[in-house]
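For reference, the chains in residue letters:
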Amino acid sequence: MLISFVAMLPVLAAAAPCLPVPALIERDTQYEEALRVGDAAFLKTLLAEDYVWVHTLGSQIESRDSLLARLAKPVVYKARFTSDVHAHTQGDTVVLRGVSTTEQWNADGTTWRTNRYQFMRTYVNVAGQCKLLSVQTMNLK
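Residues numbered from 1 in each chain as written. Predicted model: local features only at pLDDT ≥ 70, side-chain atom pairs only at ≥ 80, totals over all residues. Heavy atoms only, no water.

Engineer: Account for the pairing of strand β6 (residues 129–140), naming residues and giving values.
Structural biologist: Here 4 bridges tie strand β1 (residues 47–54) to β6, and the two strands are oriented parallel to one another. Bridge pairing in β6 places Val52 opposite Ser134. The sheet contact formed by strand β5 (residues 112–126) and β6 spans 11 bridges and is antiparallel. Its bridge partner being in β6, Asn125 is matched across the sheet by Cys130. (Pairing = 2+ DSSP bridges. Helix = DSSP H or I, 4+ residues; strand = E, 2+ residues; numbered from the N terminus.)

Engineer: An account of the packing of aromatic side chains is requested, with residue identities and associated values reported.
Structural biologist: Summed over the entire model, instances satisfying the criterion amount to 1 aromatic pair. A ring pair is formed by Trp105 and Trp112, whose centres lie 5.6 Å apart and whose planes are at 80°; its orientation type is edge-to-face. When the ring centre of Trp112 is taken as reference, the NZ or CZ atom of Lys78 above it lies at 4.0 Å. Between the NZ or CZ atom of Arg121 and the centre of the ring of Phe119, over which it lies, the distance is 3.8 Å. (Phe/Tyr/Trp six-rings, centres within 6.5 Å; stacked < 30°, edge-to-face > 60°. Lys NZ or Arg CZ within 6 Å of the ring centre and 35° of its normal.)

Engineer: Kindly report on the side chain of Thr101, identifying the contributing residues and their values.
Structural biologist: The residue Thr101 is located in strand β4 (residues 93–105) in this model. What makes Thr101 buried here is its relative accessible area of 7%. Residues contacting Thr101, with those up to four places away along its chain left out, are Ala79, Arg80, Phe81, Thr114, Asn115 and Arg116. (Buried < 20%, exposed > 50% of the residue type's maximum accessible area, 1.4 Å probe, protein only. Contact = heavy atoms within 4.5 Å.)

Engineer: Go over the environment of Asp108 with me, naming the residues and quoting the values.
Structural biologist: For Asp108, the location among the structural elements is in the loop between β4 and β5. Using a relative accessible area of 48% as the deciding quantity, one classes Asp108 as partly exposed. At 2.9 Å, the side chain of Asp108 forms a polar contact with the backbone nitrogen of Thr110. (Polar contact = N/O pair within 3.5 Å; in protein donor to acceptor, adjacent residues only side chain to side chain.)

Engineer: A description of the nonpolar core should follow, citing residues and the corresponding values.
Structural biologist: Counting 22 residues, the largest nonpolar core has Tyr31, Leu43, Tyr51, Tyr123 and Leu132 as its most contacted members. Elements with a contribution of two residues or more to this core: α2 (21–37), α3 (40–46), β1, α4 (64–71), β4, β5 and β6. Counting residues per element, this core draws most heavily on α2, at 4 residues. Apart from residues no more than four positions distant in its own chain, Leu132 is found in contact with Tyr31, Leu46, Leu47, Ala48, Tyr51, Arg121, Thr122 and Tyr123. (Core = buried A, V, L, I, M, F, W, Y, C linked by side-chain atoms within 4.5 Å.)

Engineer: Help me get a handle on the side chain of Thr102, residues and values and all.
Structural biologist: By the element assignment, Thr102 lies in strand β4. Setting aside anything within four residues of it in sequence, one finds Thr102 in contact with Tyr77, Ala79, Arg80, Arg113, Thr114, Asn115 and Tyr117.

Engineer: Tell me what's going on with the sheet that holds strand β3 (residues 77–90), and back it up with residues and numbers.
Structural biologist: Adjacent strands of a sheet form backbone hydrogen bonds with each other and so pair up, either parallel or antiparallel. With respect to topology, 6 strands assemble into an open sheet ordered β2-β1-β6-β5-β4-β3, the strand pairing being mixed. Of all strands in the sheet, those with a lone pairing partner are β2 (61–63) and β3, marking the two edges. Strand-to-strand twist in this sheet, taken as the mean axis angle between neighbours without regard to direction, amounts to 20°. Relative to β5, β4 runs antiparallel, the two sharing 12 bridges. Pairing of Trp105 across the sheet is with Trp112, part of β5. Along the sheet, α2 makes contact with β1, β3, β4, β5 and β6, crossing β3 at roughly 150°. (Axes fitted to C-alpha atoms, helices over the stretch in contact; angles between N-to-C directions.)

Okay, here's the thing in structure tokens:
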């Protein structure tokens, strides 16, 4: 048994985040912007095939396909940005957590409302590419 474990050490040592944390946080910023402007092409490259987004209190659960379909409709965000982002790394998986702030236009087109969400996003290595596997958000009031 000890020999098997020793043989695995190079494999265990080789496990590293799919991207360095600063680059992953930048990629996550691009994810927020893609949601803001409806950039489905970018999201198709970023999202894992079995991506899932669990919204506040499980009020909505979106797959990769349902998110891309939703973004095909007009986007009404004035701004989306993150703050207080922290990275938690285990092997080649990274979980980012922080606060996402959205500014969404009201129907009058001149005023907007602001919402803040605590988020957790899980990035994994899929065939050598860093993919967003899952998101969970919780509305902060």
